[in-house]
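# Tertiary structure, described
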Amino acid sequence: MSPKYRFHDGEIRYGFIKPAIDAHTLGINAAAELLRTCGCDVIIAEDSVAEAMNDYLYEVKRQVAVDWMIRENINRLGISYRLDKNDAVRMMGYLLEEMRKNRLLHYQGGPVDAVCFAGLPEACRLMEQEFDGLVTVFQGGESDRETLGMLGVPEEKIPMEIREGSRYDEARMGFGRQIVASREYRKWEPADPPDYPDYGTERDTVEKRLNARKGARGSVPLTRAHVGPYSSEVSREENVKEFLSWVKTLAGDRYLDIISIGSSQLTQSDFGGDWDSKVNGGGVPIHSPEEYRMVWEASRPLFLRTYAGTRDIPALARMYEETIHICWHALSLWWFNRLDGRGPYDVYTNLKQHIETIRYIAGTDKPFEANVSHHFAFRGADDVTYIVSAYLAAKLAKKLGIRTFVLQNMLNTPRSTWGIQDLAKSRAMVKLVRSLEDRNFRVILQPRAGLDYFKPDMEEARMQLAAVTALMDDIDPHNEADPPIIHVVSYSEASRLATPDIIKESIRITQHSLQKYREERRMGKVEDMSRNRNVAERSAGLLQSSGELLTAMEETFDDLYSAEGLYKVLAAGFLPVPWIWGETEEFRHARDWITKPVKGGVAVVDENHKVMSMEDRIAIARTNCGDAEYYLKQRMQRGGILY
């Protein structure tokens, strides 16, 4: 099939199928919404077709999909499947053969002139090999404009707002290409270590390191990276030994400031327990306090942090203090429990444990990081919920005595987010959270790339890393002391585990790109995003909506900043998360919302897919408060177990 698709007003109809077994829905919904924005007719297959595709090996089931295509007059077919790669290729092969039998393909005189597939990178590679250009593949990371072009939408059909939204992103990718093509980043070297008495000791703190870095190295931020090798082919002890070797290498190179220990799910959920019959999954399988002490010794003079546990959370926090002298603690409040399948506690018990832990952290005078916003976004939340959840966590932390709050900001989440919307969302969130600052409460911004942002092609991923670094700097473009910390996500994220060499190269790209972008801004070679009217208007709108939602919650719940209050705002639906899979009855009001991509962001919409006003959202959530009180009472009476 030629990429030179037909396109005539009113004649092209796109049809998308996602087999029911695959729970991933964001990509197919985002593509459908993009096409509709361009005036295209899009049909997403109903449940009966999705379920039939689960059993594609049977001709009668494949015929269900073919009959749907004929009935709906589909001209361009899209299949989304993000599970097993071999299964994906077989599914597409069987479906194409069925379409040939029914003479649906364009070269047979049929109506379908394009077939597209969206899936995991390896599945896409196999698809290209097997079908030799017959299928257009989407493996993630494509911009809105690229997506529309690959789907055959002519440039003149793409709305100006999408073209304008893409302009900033395309400019940053152009910057990234220059950075990677020149390879000048390879020359970047860390300066000599700072000289202050507690450097690298158990008395060292992030605040001391930031103050020393500011004086000695100007505006170069601290860098944090996630490290956690694991292989199922070797013993647990050998995995830990390799991790210790990586830690020593990274400490010796001095490129990195903060190692985030990528511990396994077993380490988080069953620390010190009997693991003989349990599957580790990914992450380094640390099993004892002694092994954490070994990590501390191997890491001098770096800072260490690690995941919180999912049970006995206060006790594990104390153990982290005693063994790795953790530089800051991180908790996710509503998450990492039965709601998302990551832990054994119900949401209310989880909140109580986290609040007890935050009180302990405040007593150590260590910083606290709330990992909340992106977990809401992963589950379909809108941009206002992303912002408001961060503020709730920060204000709770301040009330519990935390003096330094690390504000993590995961950009590119979802990855369809336009850069101008990321800037608007980031600025609104930072302004709102920093409104809490006073002489006893400090906010440290820590941006990072999105979890699924990078493409599997390593060269393109390097360019993306440079581009997202520019995005980080544009949050506050004339303040070279911000961001003070960058969580460097390695460019290999989409394809393989980051080794010390990849981590080192990723840091070099990040630090060099940051300095180069600032130079180009000073020379007027890149747009001054502090003057971008689109970003300013978007940010003001998000800030206003976030303020309205916060005011409503604080007026509705006297106990908002408590386990009870935070439970109720979620249970009543003030914080929409339509894609949660656990505790669906208890949190049905949080789930009963529709969100969709709108102008490069994510918004809550009504049953007609029109953006819902904040006033209407608040009114709906307030009608659910009685149910939230009921479920909370049940939890409190029955010790966290709801019958």
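Thresholds applied
Residues numbered from 1 in each chain as written. Predicted model: local features only at pLDDT ≥ 70, side-chain atom pairs only at ≥ 80, totals over all residues. Heavy atoms only, no water. Helix = DSSP H or I, 4+ residues; strand = E, 2+ residues; numbered from the N terminus. Buried < 20%, exposed > 50% of the residue type's maximum accessible area, 1.4 Å probe, protein only. Contact = heavy atoms within 4.5 Å. 1 Å grid on protein atoms, 1.4 Å probe; cavity = no way out; pocket = protein on both sides within 12 Å on 5 of 7 lines; lining within 4 Å. Points joined across faces, edges and corners; volume = space filled by probe spheres on them. Nonpolar A, V, L, I, M, F, W, Y, C, P; charged D, E, K, R; others polar. Phe/Tyr/Trp six-rings, centres within 6.5 Å; stacked < 30°, edge-to-face > 60°. Lys NZ or Arg CZ within 6 Å of the ring centre and 35° of its normal. Pairing = 2+ DSSP bridges. Right-handed = clockwise from strand over helix to strand, strands pointing away. pLDDT = per-residue confidence, 0-100. Axes fitted to C-alpha atoms, helices over the stretch in contact; angles between N-to-C directions. Parallel < 35°, antiparallel > 145°, perpendicular 65-115°, else oblique. Left-handed = near helix turned anticlockwise from the far one by under 90°. Core = buried A, V, L, I, M, F, W, Y, C linked by side-chain atoms within 4.5 Å. Patch = residues over 30% accessible without salt bridge, like charges linked within 9 Å, V, L, I, M, F, W, Y side chains within 5 Å. Areas by Shrake-Rupley, 256 points an atom, 1.4 Å probe, with all protein chains shown as cover. Salt bridge = Lys/Arg side-chain N within 4 Å of Asp/Glu carboxyl O.

By the secondary structure assignment, Leu-392 is in helix 15 (residues 383-399). Leu-392 sits in the buried class, given a relative accessible area of 0%. In this structure, the C-alpha to C-alpha distance between Leu-392 and Tyr-561, residues 169 residues apart in sequence, is 7.4 Å. Residue contacts for Leu-392: discarding those within four places in its chain leaves Trp-334, Leu-550, Met-553, Leu-560, Tyr-561, Leu-566 and Leu-575.

All right, on to empty space enclosed by the protein then. In this structure the tally under the stated criterion is three cavities of 30 Å³ or more. Looking at the largest cavity, its volume works out to about 160 Å³. Contributing to the lining of the largest cavity are 18 residues, with Tyr-199, Arg-213, Arg-254, Leu-256 and Asp-257 lying nearest its centre. The class makeup of the residues in the lining of the largest cavity is eleven nonpolar, one polar and six charged.

On to the packing of aromatic side chains. One pass over the full model with this rule turns up 15 aromatic pairs. Taken together, Phe-271, Tyr-292 and Tyr-320 form an aromatic cluster joined through their ring pairs. In this structure, Lys-425 packs its charged tip against the face of Tyr-386, placed 4.3 Å from the ring centre.

Turning our eyes to something else, we now look at the pairing of strand 7 (residues 258-261). Of the two faces of strand 7, the one lined by Ile-258 and Ser-260 and the one lined by Ile-259 and Ile-261 are each fully buried. Judged from the four bridges that link them, strand 6 (residues 222-227) and strand 7 form a sheet pairing that is parallel. Residue Ala-225 lies in a different strand from strand 7, and its bridge partner there is Ile-259. Handedness of the crossover joining strand 6 and strand 7 through helix 9 (residues 236-253): right-handed. Relative to strand 8 (residues 303-306), strand 7 runs parallel, the two being bridged by four bridges. Its bridge partner lying in strand 8, Ile-259 is registered against Leu-304.

Our focus in this paragraph is the pairing of strand 11 (residues 404-410). The buried fraction of strand 11 is high, at seven of seven residues. Across the two faces of strand 11 the burial is the same, with Thr-404, Val-406, Gln-408 and Met-410 and Phe-405, Leu-407 and Asn-409 all buried. Here strand 10 (residues 368-370) runs beside strand 11; their pairing, made up of two bridges, is parallel. Its bridge partner lying in strand 11, Phe-368 is registered against Phe-405. Of the strand pairs in this sheet, strand 11 and strand 12 (residues 442-448) are connected by seven bridges, and their pairing is parallel. Paired with Gln-408 across the two strands is Gln-446, which belongs to strand 12.

On average, residues of the protein chain carry a pLDDT of 92, and 96% of them reach 70 or more. Here residues 1-9 is modelled with pLDDT under 50, and outside its nearest four sequence neighbours on either side it reaches 29 contacts, counting other chains as well.

With respect to topology, five strands assemble into an open sheet ordered 2-1-3-4-5, the strand pairing being parallel. Strand pairing shows two members of the sheet lacking a second neighbour, strand 2 (41-44) and strand 5 (135-138), which therefore form its edges. Neighbour to neighbour, the strand axes of the sheet diverge by 20 degrees on average, direction disregarded. Where strand 4 (residues 114-119) meets strand 5, four bridges bridge the pair, whose relative direction is parallel. Its bridge partner being in strand 5, Cys-116 is matched across the sheet by Thr-136. Along the sheet, helix 5 (residues 121-131) contacts strand 4 and strand 5; its crossing angle with strand 5, the most-contacted strand, is approximately 165 degrees.

Two packed helices can be described by the angle between their axes and the distance between those axes. The N-to-C vectors of helix 20 (residues 563-571) and helix 23 (residues 625-637) enclose an angle of 135 degrees; their axes lie 9 Å apart at closest approach. In terms of orientation, helix 20 lies oblique with respect to helix 23. By crossing handedness, the relation of helix 20 to helix 23 is classed as right-handed. In contact with Glu-564, Tyr-567, Lys-568 and Ala-571 of helix 20, helix 23 contributes Ala-628, Glu-629, Tyr-631, Leu-632, Arg-635 and Met-636. Here the contact of helix 20 with helix 23 is built from residues that sort into six nonpolar, no polar and four charged.

With that settled, consider the nonpolar core. Residues Ile-261, Trp-334, Leu-392, Phe-405 and Leu-570 are the most contacted members of the largest nonpolar core, which totals 160 residues. It is helix 15 that contributes the most residues to this core, eleven residues altogether. Membership of the second largest hydrophobic core comes to 34 residues, among which are Met-53, Ala-88, Met-99 and Met-127.

The next subject is a nonpolar patch on the surface. Taken together, the side chains of Leu-57, Tyr-58, Val-60 and Tyr-94 make up a nonpolar region of the molecular surface, amounting to roughly 440 Å² of accessible area. You can see Tyr-58 is positioned in the loop between helix 2 (47-54) and helix 3 (59-72).

On to unusual backbone geometry. Here the amide bond leading from Arg-300 into Pro-301 is cis, since omega sits at 5 degrees, within 30 degrees of zero. Looking at where Pro-301 falls in the secondary structure, it is placed in the loop between helix 11 (289-298) and strand 8. Residue Pro-414 follows Thr-413 across a cis peptide bond; omega there is -5 degrees. Tracing the backbone through its elements, the reader meets Pro-414 in the loop between strand 11 and helix 16 (419-434). Phi at His-325 is positive, roughly 45 degrees, even though this residue is not glycine. Along the chain, the position of His-325 falls in the loop between helix 12 (313-323) and strand 9 (329-331). According to the relative accessible area criterion, His-325 is buried, its value standing at 18%. Not every positive phi belongs to a glycine, and His-609 is a case in point at roughly 65 degrees.

Another point: the side chain of Glu-98. Relative to the assigned elements, Glu-98 resides in helix 4 (residues 85-101). Taking relative accessible area as the criterion, Glu-98 reaches 1% and is therefore assigned buried. Apart from the residues within four sequence positions on either side, Glu-98 is in contact with Glu-59, Arg-62, Gln-63 and Val-66.

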